[in-house]
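Report on the structure
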Amino acid sequence: GAVVSQHPSWVICKSGTSVKIECRSLDFQATTMFWYRQFPKQSLMLMATSNEGSKATYEQGVEKDKFLINHASLTLSTLTVTSAHPEDSSFYICSASRDRGRETQYFGPGTRLLVL
Amino acid sequence: KQEVTQIPAALSVPEGENLVLNCSFTDSAIYNLQWFRQDPGKGLTSLLLIQSSQREQTSGRLNASLDKSSGRSTLYIAASQPGDSATYLCAAEEGGSNYKLTFGKGTLLTVNP
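The structure presented is a predicted model; accordingly, all values stated were derived computationally and were not measured.

Below, the discussion takes up the sheet that holds strand S1 (residues 4-7) of chain A. All names here are of chain A. Strand order in the open sheet formed by 4 strands is S1-S3-S8-S7, with antiparallel pairing between adjacent strands. At either margin of the open sheet sits one strand with a lone partner, and together these are S1 and strand S7 (67-73). Taking the axes of each pair of neighbouring strands and ignoring which way they run, one obtains an average angle of 15° across the sheet. Across 6 bridges, the pairing between strand S3 (residues 19-25) and strand S8 (residues 76-81) is antiparallel. Paired with Val 19 across the strands is Val 81, a residue of S8.

Right, here's the structure in full:
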């Protein structure tokens, strides 16, 4: 149990386009979902935390108008990278929590974004 | 602001060796400390979670310890196998209403047959 999926796993796009990444908890309801970004040989950096039905909380330095997060249901959160640029190329990973703070977050397999 | 450091950055050992990975964190007011495994180009797999009130957790050949007062955690891997090759990440989770995870950069472990 506690499986999280992400789609797509790979995406290549042209500079200036928008890209949507989906994160789904397949077998549990996620009260909270998290979005991370990981550059090569770097730590995972938390971008934002989202609770179902409410606005996401963004970390300092993350542009909320560029990285749009929608947590429409207890099993789905989406991250849209708007007007993507080459510097947005990274590995984006989501995680989901069913009992926030009491057990580990369950991570998706990640989405690799390459902006040309 | 929490900072998590992992030493060493990379480690290469022959199969069968016991090894220790180190993690330190600057703010001891953590809710828990977690160890994850990440295979190349993949997401994270949770290995062990140590609550702030606990001193250690064990799962199979893995044992993680936590010393909150000194801001340190270690992950001990016994009888290492080539399949253990991966990047190991530690993360400190803060409490309060945030429960934010702060990750270290990881230790890249290679176990040679």
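And the narrative resumes.
Glancing now at the interface of chain B and chain A. Chain B puts 22 residues into the contact, and the matching count from chain A is 21 residues. In total, chain B and chain A occlude about 1,600 Å² of area from one another, counting both sides; carbon and sulfur atoms represent 50% of this. Area buried by chain B at its contact with chain A is led by Leu44(B), Phe103(B) and Lys105(B), which between them contribute 27% of it. Taken together, the connections running from chain B to chain A amount to 1 salt bridge.

As a further point, take the sheet that holds strand S8 (residues 72-77) of chain B. All names here are of chain B. An order of S1-S3-S8-S7-S6 is seen for the 5 strands of this open sheet, with the pairing classed as antiparallel. The open sheet terminates on both sides in strands that have one partner only, identified here as strand S1 (4-7) and strand S6 (56-59). Across this sheet, the average inter-strand angle for adjacent strands is 15°, counted without regard to direction. Where S1 and strand S3 (residues 19-25) come together, 4 bridges link them in antiparallel fashion. Along S3, the bridge assignment pairs Thr 5 with Ser 24.

Here we come to the state of the cysteines. One pass over the structure, following the stated rule, counts 2 disulfides over all chains. The residue that forms a disulfide with Cys23(B) is Cys90(B), at a sulfur-sulfur distance of 1.9 Å. Across the S-S bond linking Cys23(B) and Cys90(B), the dihedral sits near 65°, which makes this disulfide right-handed. Of the two residues, Cys23(B) is situated in strand S3 and Cys90(B) in strand S9 (residues 86-94); the sequence distance between them amounts to 67 residues. You can call Cys23(B) buried: its relative accessible area is 3%. Looking at Cys90(B), the relative accessible area reads 0%, which means it is buried. Of all cysteine sulfurs in the structure, the one in Cys94(A) sits closest to Cys13(A), which takes part in no disulfide; the separation is 18 Å. Note on Cys13(A): relative accessible area 10%, which makes it buried.

This part is about the pairing of S3(A). All names here are of chain A. Burial along S3 is one-sided: Val 19, Ile 21, Cys 23 and Ser 25 are buried, while Lys 20, Glu 22 and Arg 24, pointing the other way, are not. As judged from the 4 bridges shared by S1 and S3, these two strands associate in the antiparallel manner. Bridging from a neighbouring strand, Ser 5 pairs with Arg 24 of S3.

Residues and elements named next belong to chain A. A cluster of nonpolar side chains, namely Trp 10, Ile 12, Leu 114 and Leu 116, defines an oily patch on the protein surface of about 450 Å² accessible area. Looking at where Trp 10 falls in the secondary structure, it is placed in strand S2 (residues 10-13). Trp 10 gets classed as exposed once you look at its relative accessible area, which sits at 54%.

About the cut-offs
- Residue indices follow the written sequence of each chain, beginning from 1 at its first position.
- The lettering of chains begins at A and the numbering of ligands begins at 1, in the order of writing.
- Where totals are concerned, whole chains, interfaces and linings use all residues; where local detail is concerned, this predicted model gives features only for residues with pLDDT of at least 70, and gives and counts side-chain atom pairs only at 80 or more.
- To get the side-chain values, take all heavy atoms of the structure and skip hydrogens and water.
- Here, any two strands with at least 2 DSSP bridges between them count as paired.
- Each helix corresponds to a stretch of at least 4 residues labelled H or I by DSSP, and each strand to a stretch of at least 2 residues labelled E; elements are numbered beginning at the N terminus.
- Under this scheme, a helix contributes an axis fitted over its contacting stretch, all axes are lines through C-alpha atoms, and angles between N-to-C directions fall in the 0 to 180 degree range.
- Contacts are residue-level and defined by heavy atoms, with any inter-residue pair within 4.5 Å sufficient.
- By buried area we mean the combined loss of accessible area, with a 1.4 Å probe, across both parts when two parts are placed together.
- Take a side-chain nitrogen of Lys or Arg and a carboxyl oxygen of Asp or Glu: if they are within 4 Å of each other, that pair is a salt bridge.
- Working definition: a disulfide is two cysteine sulfur atoms within 2.5 Å of each other.
- Accessibility here uses a 1.4 Å probe with only protein chains present; expressed as a share of the type maximum, an area under 20% marks a residue as buried, one over 50% as exposed, and anything in between as partly exposed.
- Residues forming no salt bridge and having over 30% relative accessible area are the ones grouped into patches, like charges within 9 Å of each other and nonpolar side chains (Val, Leu, Ile, Met, Phe, Trp, Tyr) within 5 Å.
- Per-residue and other accessible areas were derived by the Shrake-Rupley procedure at a 1.4 Å probe size, with only the shown protein chains allowed to occlude residues.

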